[in-house]
Amino acid sequence: MITLILIAITAIVSWMAFTNRKLADRLVLWPPAIDRRREYDRLVTYGFVHADWMHLLFNMLTLYFFGRWIERAMVQVTGTWLTYPLFYLAALVVSILPSYLKNQKNPNYISLGASGAVSAVLFAYILIDPWTRLYLFFIPIPIPAIFYAVFYVGYSIWMDRRGGDRINHSAHLAGAAFGVLFMVAMAPGLVPAFLAQLSGGAG
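Rules behind the numbers
Residues numbered from 1 in each chain as written. Predicted model: local features only at pLDDT ≥ 70, side-chain atom pairs only at ≥ 80, totals over all residues. Heavy atoms only, no water. Helix = DSSP H or I, 4+ residues; strand = E, 2+ residues; numbered from the N terminus. Expected span 1.5 Å × (residues − 1). Buried < 20%, exposed > 50% of the residue type's maximum accessible area, 1.4 Å probe, protein only. Contact = heavy atoms within 4.5 Å. Axes fitted to C-alpha atoms, helices over the stretch in contact; angles between N-to-C directions. Parallel < 35°, antiparallel > 145°, perpendicular 65-115°, else oblique. Left-handed = near helix turned anticlockwise from the far one by under 90°. Nonpolar A, V, L, I, M, F, W, Y, C, P; charged D, E, K, R; others polar. Phe/Tyr/Trp six-rings, centres within 6.5 Å; stacked < 30°, edge-to-face > 60°.

(A) Focus on helix H6 (residues 83-102). Across its 20 residues, H6 extends 29 Å between first and last C-alpha, which sits within 8% of the 28 Å expected from 1.5 Å per residue. By the burial criterion, the buried members of H6 are Thr83, Tyr84, Pro85, Phe87, Tyr88, Ala91, Leu92, Ser95, Ile96, Ser99 and Tyr100.

(B) Quick peek at the environment of Ala149. Structurally, Ala149 is set in helix H8 (residues 145-162). Exposure remark for Ala149: the relative accessible area of 7% places this residue in the buried category. For Ala149 and Leu122, which are 27 residues apart along the polypeptide, the C-alpha to C-alpha distance reads 9.2 Å. Leaving out residues up to four positions away in the same chain, Ala149 has contacts with Phe123 and Ile126.

(C) Just the packing of helix H7 (residues 115-128) against helix H9 (residues 169-186), in detail. It is at 7 Å that the axes of H7 and H9 come closest, and there the two elements cross at 45°. Viewed along their axes, H7 and H9 adopt a mutual orientation that is oblique. As for how H7 packs across H9, the hand of that crossing is right-handed. Each of Ser115, Gly116, Ser119, Ala120, Phe123, Ala124, Leu127 and Ile128 in H7 lies in contact with H9, whose residues at this interface are Ala171, His172, Gly175, Ala176, Phe178, Gly179, Val180, Met183 and Val184. Tallied by class, the residues present in the contact of H7 with H9 amount to 11 nonpolar, 6 polar and no charged.

(D) Main features of the packing of aromatic side chains. Enumeration according to the criterion identifies 11 aromatic pairs in this entry. Each ring, one from Phe66 and one from Tyr125, has its centre 5.0 Å from the other, and the planes form 65°; the classification is edge-to-face. Here Phe66 is found in helix H5 (residues 53-78), whereas its partner Tyr125 is found in helix H7, with 59 residues between them in sequence. With relative accessibility at 14%, the residue Phe66 sits in the buried group. Judged by relative accessible area, which is 9%, Tyr125 ranks as buried. Measuring from ring centre to ring centre gives 5.7 Å for Phe178 and Phe182, while their planes differ by 50°; the resulting arrangement is tilted.

Next comes the structure, spelled out in C-alpha cells:
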C-alpha cells in the first residue's frame with residue numbers, strides 16, 4: 001500500500017505542478033533556495049514533481065513493479081511498515097546530495113523527479129534477485145537484471161562526465177548505491193546470497 005500511496009501523491013503533485021509554475025518553482029531542487037532561505041524541504045519535495053508526463057510515467061511504472069516487492073521484503077525483515085517509506089524518502093535526499101553540493105552556489109541549476117529514489121528501489125531489488133528478467137522499453141527481449149545493472153552504472157558514469165542531456169545521472173548513481181547499501185545494512189546475509197546467485201548463474 002505504501003508504494004501505491006507514494007505513486008498517488010507523486011502523480012497528483014506532479015499534475016498540479018504541470019499547470020502551476022509557482023508550485024513547481026517552490027518544490028524543485030534549487031540550491032540557492034536551500035543555501036540562502038534554508039528551504040531544506042526541497043531535498044525531498046523535488047522528487048514529487050516531474051518535467052512532463054513521460055518522465056512521471058517512466059518513474060512511476062518502475063516504482064510500481066519493483067517498489068511493491070521491496071516494500072514486502074522490508075516488512076518481512078524489520079517487522080514494520082515504516083522502514084520502506086523512510087528508505088524511499090532517505091533515498092531522495094541521499095541521491096540528490098552530490099548534485100546539490102556540486103551546484104550549491106549555482107543559481108541556474110534545478111533538479112526534479114523521483115529517479116534517484118526509484119534507482120534505489122530498483123537496485124535493492126536487483127541485489128535480492130540478480131537474475132530476474134527485466135523488460136525495457138528500448139530492448140525487444142528481456143535481459144537479466146544484473147546485466148542491466150552493469151550497463152546502467154557504466155552508462156550513468158559516462159553520461160555524468162559527458163553531460164549535456166539535462167538528466168541527473170549523478171542522482172541515479174547515488175540512488176543505486178544507497179539502495180544496495182541500505183539493503184546490506186538491513187540484512188547483511190544478502191551479500192553471500194547475492195554472490196551465491198551470481199556464481200550459480202541464471203539457471
